[in-house]
Amino acid sequence: MHMPLELDKEARDCVDRLKIVLGSHGITLPSLGRDFGTPPLVMLGNCNLATARALLEVLQVSPGRGPAAAR
């Protein structure tokens, strides 16, 4: 099955933006990438405990997010 180019571009753009935003918080997900299935998936991949904790910290203090967002 062939995927529309718009979806492929959107998935690639999303991965690029995630790398930039996570990087601005000092977070690197080494296996962050684009899966070439249909529909497109973003692979967040595996990370070590320190990275998972950093991710939690950033997500829990994001503006407009309450404790319910961490569930």
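Everything here concerns the structure above.
Cut-offs and rules
- Residues numbered from 1 in each chain as written.
- Predicted model: local features only at pLDDT ≥ 70, side-chain atom pairs only at ≥ 80, totals over all residues.
- Heavy atoms only, no water.
- Helix = DSSP H or I, 4+ residues; strand = E, 2+ residues; numbered from the N terminus.
- Buried < 20%, exposed > 50% of the residue type's maximum accessible area, 1.4 Å probe, protein only.
- Contact = heavy atoms within 4.5 Å.
- Areas by Shrake-Rupley, 256 points an atom, 1.4 Å probe, with all protein chains shown as cover.
- Expected span 1.5 Å × (residues − 1).
- Polar contact = N/O pair within 3.5 Å; in protein donor to acceptor, adjacent residues only side chain to side chain.
- Salt bridge = Lys/Arg side-chain N within 4 Å of Asp/Glu carboxyl O.

Asks: Lay out the overall build of the chain with the relevant residues and their values.
Replies: Helices and strands together make up the secondary structure of the chain, namely 2 helices and 2 strands. In the chain, the succession of α and β elements from N to C terminus is α-β-β-α. Expressed as a percentage of the 71 residues in the chain, the buried residues total 15%. Nonlocal contacts in the chain, meaning residues at least 24 apart in sequence, comprise 39% of its contacts between residues at least 6 apart. Entry remark: accessible area of the chain is about 5600 Å², with carbon and sulfur atoms responsible for 61%.

Asks: Tell me about helix H2 (residues 49–60), and please be specific about residues and values.
Replies: The end-to-end C-alpha separation of H2 is 16 Å, in line with the 16 Å expected for 12 residues at 1.5 Å each. The N-cap residue of H2 is Asn-48: its side-chain oxygen and the backbone nitrogen of Ala-50 are 3.2 Å apart.

Asks: Give a description of the pattern of salt bridges that names residues and reports values.
Replies: Under the definition given, this model contains 3 salt bridges. With a closest N to O distance of 3.0 Å, Arg-12 and Asp-8 form a salt bridge. Pair noted here: Arg-12 and Asp-8 are both in helix H1 (residues 5–24), with a separation of 4 residues, about one helical turn. Here Arg-34 makes a salt bridge to Asp-8, at a shortest N to O gap of 2.9 Å. In this pair, Arg-34 is assigned in strand S1 (residues 33–35) and Asp-8 in helix H1, connecting sequence segments 26 residues apart. Overlapping salt bridges, with partners in common, bring together Asp-8, Arg-12 and Arg-34 in one network.

Asks: Please give an account of the environment of Gly-45 that cites residues and values.
Replies: In this structure, Gly-45 sits in the loop between strand S2 (41–43) and H2. Taking relative accessible area as the criterion, Gly-45 reaches 48% and is therefore assigned partly exposed. Residues Gly-45 and Ser-31, spaced 14 residues apart in sequence, show a C-alpha to C-alpha distance of 5.1 Å.

These figures capture arrangement, not role.
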